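# Tertiary structure, described
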Amino acid sequence: MDAELAEVVREVIMSIPPGEVLSYGEVAARAGVPSARQIGRLLSEDGQDLPWHRVVKADGRFAPHLAVEQTQRLRAEGVTVIDGRVRR
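Right, let's walk through the structure included here. (Residues numbered from 1 in each chain as written. Predicted model: local features only at pLDDT ≥ 70, side-chain atom pairs only at ≥ 80, totals over all residues. Heavy atoms only, no water.)

A few words now on the layout of surface pockets. Looking at the largest pocket, its volume works out to about 220 Å³. In terms of lining, the largest pocket is formed by Tyr-24, Gly-40, Leu-43, Ser-44, Gly-47, Gln-48, Trp-52, Ala-63, His-65 and Leu-66. Of all the elements, helix α3 (residues 36–46) adds the most residues to the lining of the largest pocket, at three residues. Considering only residue class, the lining of the largest pocket consists of five nonpolar, five polar and no charged. (1 Å grid on protein atoms, 1.4 Å probe; cavity = no way out; pocket = protein on both sides within 12 Å on 5 of 7 lines; lining within 4 Å. Points joined across faces, edges and corners; volume = space filled by probe spheres on them. Helix = DSSP H or I, 4+ residues; strand = E, 2+ residues; numbered from the N terminus. Nonpolar A, V, L, I, M, F, W, Y, C, P; charged D, E, K, R; others polar.)

Next up on the list: the nonpolar core. Counting residues in hydrophobic clusters, the biggest one holds 17 residues, and the most contacted among them are Val-9, Ile-13, Val-27, Val-33, Ile-39, Leu-43 and Val-55. Those elements that place two or more of their residues in this core are α1 (3–14), α2 (24–31) and α3. By size, the runner-up hydrophobic cluster in this structure holds seven residues, among which are Val-21, Val-56, Leu-74 and Val-79. (Core = buried A, V, L, I, M, F, W, Y, C linked by side-chain atoms within 4.5 Å. Buried < 20%, exposed > 50% of the residue type's maximum accessible area, 1.4 Å probe, protein only.)

Before going further, it helps to spend a moment on the side chain of Gln-70. As for its placement among the helices and strands, Gln-70 is situated in helix α4 (residues 67–76). Look past the residues within four positions of Gln-70 in its chain and what remains in contact with it is Trp-52, His-53, Val-55, Val-56, Phe-62 and Ala-63. (Contact = heavy atoms within 4.5 Å.)

Take unusual backbone geometry next. One non-glycine residue with positive phi stands out, namely Asp-83, at about 55°. As for its position among the elements, Asp-83 is in the loop between β3 (81–82) and β4 (85–86).

Each packed pair of helices is defined by two parameters, the angle between the axes and the distance between the axes. Running from N to C, α2 and α3 point in directions that differ by 100°, and their axes come no closer than 7 Å. Here α2 is positioned roughly perpendicular relative to α3, judged by the angle of their axes. Contacts between α2 and α3 pair Tyr-24, Gly-25, Val-27 and Ala-28 from the former with Ala-36, Ile-39, Gly-40 and Leu-43 from the latter. Taken together, the residues that form the contact of α2 with α3 break down as six nonpolar, two polar and no charged. (Axes fitted to C-alpha atoms, helices over the stretch in contact; angles between N-to-C directions. Parallel < 35°, antiparallel > 145°, perpendicular 65-115°, else oblique.)

Its place among the elements puts His-53 in the loop between α3 and β2 (55–56). The class for His-53 is buried, based on a relative accessible area of 6%. Within the structure, His-53 has its side chain in polar contact with the side chain of Glu-77 (distance 2.9 Å). Once you skip the residues sitting within four places of it in the chain, His-53 turns out to touch Gln-70, Arg-73, Leu-74 and Glu-77. (Polar contact = N/O pair within 3.5 Å; in protein donor to acceptor, adjacent residues only side chain to side chain.)

Right under this line is the structure:
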């Protein structure tokens, strides 16, 4: 992903309000990125300063290695997490 498109993705993620989530696919669509996987890659490589916890899988689940922290962060924002997923 080029730097300009990466910046658009970062802006989309930054615009997700506290207490809300978007799927990787929704972020990709809003940013004009052809693949949701590219969003995950950007977050894993350069997403530490972003509200990464507000981006979830299409079914509302979390990446297994992030699930505990993501659950804590989302619950702190008032998001209901049941059985490891958010209801959308």
